[in-house]
Amino acid sequence: MNFNWTDMAGTLHKAAMPFAAILASSLLALNPAGAGSVSRIDSSDGQITVSFDGLVEGASTFSLVGPDRIAVDIKGGKAGRGGHAEGIVKSVRQGQYDPNTARIVFDLDRPAVITGGSFSADGKSLKLSMQSVGGAAIKKGRKSFFPPVKFRAEPPKKTYSVKVPLGKPQDTVDLPKISGPDDPSRPLVVIDAGHGGHDPGAISPHGSQREKNITLAISRAVRDQLVASGRVRVAMTRDSDKYLVLEERYGIARRLDADLFISIHADAAGNESAAGATVYTLSEVASDREAAKLAARENRSNIINGVNLGGSNRDVSSILIDLTQRETMNVSADFAKLLIREGQRMIKFRTNPHRFASLVVLKAPDTPSVLFESGYLTNKEDVELLSSRAGQSKVAIGIANAIEAHFARKLAQRGSQSSGAGSK
């Protein structure tokens, strides 16, 4: 069957999502008992008003795109419920970001920024001015606002504090090269080689093979296989031994407007007889205890010396219930099944190979994503396969076949829908 790959268009609208700055502090004893609660929120096209039933320490705001939002963090505040939405504000939601900070998120129907604001004389309300802008005008950073000193809540006392010097963080990583045909209408796949840099991942007891090296070799083999076919475009989150936090990995896919994201890993187990590949898709509820343990292990990749380098995990979790996210999760699950069906000619899979876990790297709200565990580094036969050129090639062919079948199916479905619409 022949497919006209050049007719393919993007399936979902995506926009770049900025990353939060790195905060390096820990072991704080917080006591928000006297915090002022958010009692009322009103919004219109040009103004947001937040009222409190007590005193707060201050507030800061920042804008996000993809989807378009404005976030307001209330330091020394307790979250309330909901709020009034009007104009460009589609909905208002709030929650407790940490024990001493309430976060309010305004979902917008177009990009906007906070241009100014101030607290009332008694510190019991905050008025913010809002203005619509083009998405490209959204800049990094926050705007901060403070109540009058005599009506400002005292911050909680620290009984002990440890600060870790991490240097100035980069807001974004450079986008990788896109390989394949020079045709934006072709689907774009982003391949993510798990771990890297200071993070070796699993280390095999059979020859000390490191997961970060095996995943990079397999990822390169998948890229080369897809480029050789000439049907899709391909980018890799890393093509060298470097470290990326989890949000940067799927963030690259979103910034490139990718149609599919595949994170490649190799597993480890206490039982050396465990063998075979597994495909994971996103779910806040793990399919089994093993999936939950894997999520806990992989999500720790963001932590260095006790400091969490990821910044947007909470924010991404808050949009999991969005309709876009639900549709994305459905497409991801369909691809996982296809990967198992098409890949089993080349790849040995485990029993019940499709599993679910709350993996941070899969939490892009609008990019279908799977995590592919290529095998077990604790199994001697799997290690020999995955560390050999021949084995890596077999895995790459299986993955590439599934990717091409996935986009061929999408094209056929759109053609069928077009024919059906034309016959009415």
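Just so we're clear, the structure is a prediction, and the values are computed from it rather than from any experiment. (Residues numbered from 1 in each chain as written. Predicted model: local features only at pLDDT ≥ 70, side-chain atom pairs only at ≥ 80, totals over all residues. Heavy atoms only, no water.)

1. Section: the overall build of the protein chain
Helices and strands together make up the secondary structure of the protein chain, namely seven helices and 21 strands. The contacts of the protein chain with a sequence gap of at least 6 include a subset with a gap of at least 24, amounting to 77%. When the accessible area of the protein chain is evaluated, it comes to approximately 19,700 Å², of which 50% is carbon and sulfur surface. (Helix = DSSP H or I, 4+ residues; strand = E, 2+ residues; numbered from the N terminus. Contact = heavy atoms within 4.5 Å. Areas by Shrake-Rupley, 256 points an atom, 1.4 Å probe, with all protein chains shown as cover.)

2. Focus on the environment of G117
Considering the arrangement of structural elements, one finds G117 in strand β9 (residues 112-119). Judged by its relative accessible area of 34%, G117 is partly exposed. For the pair G117 and K143, spaced 26 residues apart in the sequence, the C-alpha separation amounts to 9.1 Å. Not counting the four nearest positions on each side in its chain, G117 is found in contact with K127, L128 and F145. (Buried < 20%, exposed > 50% of the residue type's maximum accessible area, 1.4 Å probe, protein only.)

3. Some words on the packing of aromatic side chains
Applying the stated criterion across every chain, the model contains two aromatic pairs. With a centroid separation of 6.3 Å and an interplanar angle of 75 degrees, the aromatic rings of F349 and F372 are classed as edge-to-face. Placement of the pair is F349 in strand β20 (residues 349-357) and F372 in strand β21 (residues 369-376), with a sequence separation of 23 residues. Each of the two residues, F349 as well as F372, counts as buried. (Phe/Tyr/Trp six-rings, centres within 6.5 Å; stacked < 30°, edge-to-face > 60°.)

4. Focus: the pattern of salt bridges
What the rule picks out here adds up to 15 salt bridges. A salt bridge links K212 to D241, with the shortest nitrogen-to-oxygen separation between them at 3.0 Å. With K212 in helix α1 (residues 211-229) and D241 in the loop between β15 (233-236) and α2 (246-255), this residue pair connects regions lying 29 residues apart in the sequence. Among the residues examined, D241 registers a relative accessible area of 44% and is labelled partly exposed. Two residues, D224 and R223, come together in a salt bridge whose shortest N-O distance is 3.2 Å. Taking the relative accessible area as the measure of exposure, D224 reaches 44% and is therefore partly exposed. (Salt bridge = Lys/Arg side-chain N within 4 Å of Asp/Glu carboxyl O.)

5. What to know about the sheet that holds strand β8 (residues 101-108)
As summarised here, the arrangement of the five strands in space is β7-β8-β5-β4-β11, forming an open sheet in which the pairing is antiparallel. Strand pairing shows two members of the sheet lacking a second neighbour, β7 (89-98) and β11 (143-145), which therefore form its edges. Adjacent strand axes in the sheet meet at a mean angle of 20 degrees, parallel and antiparallel pairs treated alike. The pairing of β7 with β8 spans eight bridges and is antiparallel. Residue pairing for β8: R93 is matched across the bridge by V105. (Pairing = 2+ DSSP bridges. Axes fitted to C-alpha atoms, helices over the stretch in contact; angles between N-to-C directions.)

6. Points about the sheet that holds strand β6 (residues 77-78)
Strand pairing in a sheet takes place through backbone hydrogen bonds and is either antiparallel or parallel in direction. Pairing in this open sheet of five strands is mixed, and the strands run β6-β2-β3-β10-β9 from one edge to the other. Edge positions in the sheet fall to β6 and β9, since each has one partner strand and no second. Bridge count between β9 and strand β10 (residues 125-132): seven bridges; the pairing is antiparallel. Bridging across to β10, V113 finds its partner in Q131.

7. Observations regarding the side chain of S263
Along the polypeptide, S263 turns up in strand β16 (residues 260-267). Of note is the side chain of S263, whose polar atom sits 2.6 Å from the side chain of D192. Of note is the side chain of S263, whose polar atom sits 3.0 Å from the side chain of H265. (Polar contact = N/O pair within 3.5 Å; in protein donor to acceptor, adjacent residues only side chain to side chain.)

8. Concerning the confidence of the model for the protein chain
Summary statistics for the protein chain give a mean pLDDT of 81 and a share of 77% for residues scoring 70 or more. pLDDT under 50 marks residues 161-171. Its contacts with residues more than four places away, or in other chains, come to 17 contacts. Across residues 303-309, confidence stays below pLDDT 50; counting only partners more than four residues off in sequence or on other chains, it has 15 contacts. (pLDDT = per-residue confidence, 0-100.)

9. Comments concerning α1
Compared with the 27 Å implied by 1.5 Å per residue over 19 residues, the 27 Å span of α1 between its first and last C-alpha is a close match. Three or more residues of α1 are buried, namely E211, K212, I214, T215, L216, I218, S219, A221, V222, R223 and L226. Just downstream of α1, G230 is the residue with a positive phi angle, here 75 degrees. (Expected span 1.5 Å × (residues − 1).)

10. Examining the nonpolar core
Considering soluble globular proteins, one finds that nonpolar side chains tend to be buried as a cluster. One finds V222, I262, F372, I399 and I403 to be the most contacted residues of the largest nonpolar core, which totals 37 residues. Those residues within four positions of F372 in sequence are excluded, and the remaining contacts are I262, S263, I264, H265, A277, T278, V279, L339, I347, F349, V395 and I399. V38, F52, V56 and I70 belong to the second largest nonpolar core, which has 24 residues in total. (Core = buried A, V, L, I, M, F, W, Y, C linked by side-chain atoms within 4.5 Å.)

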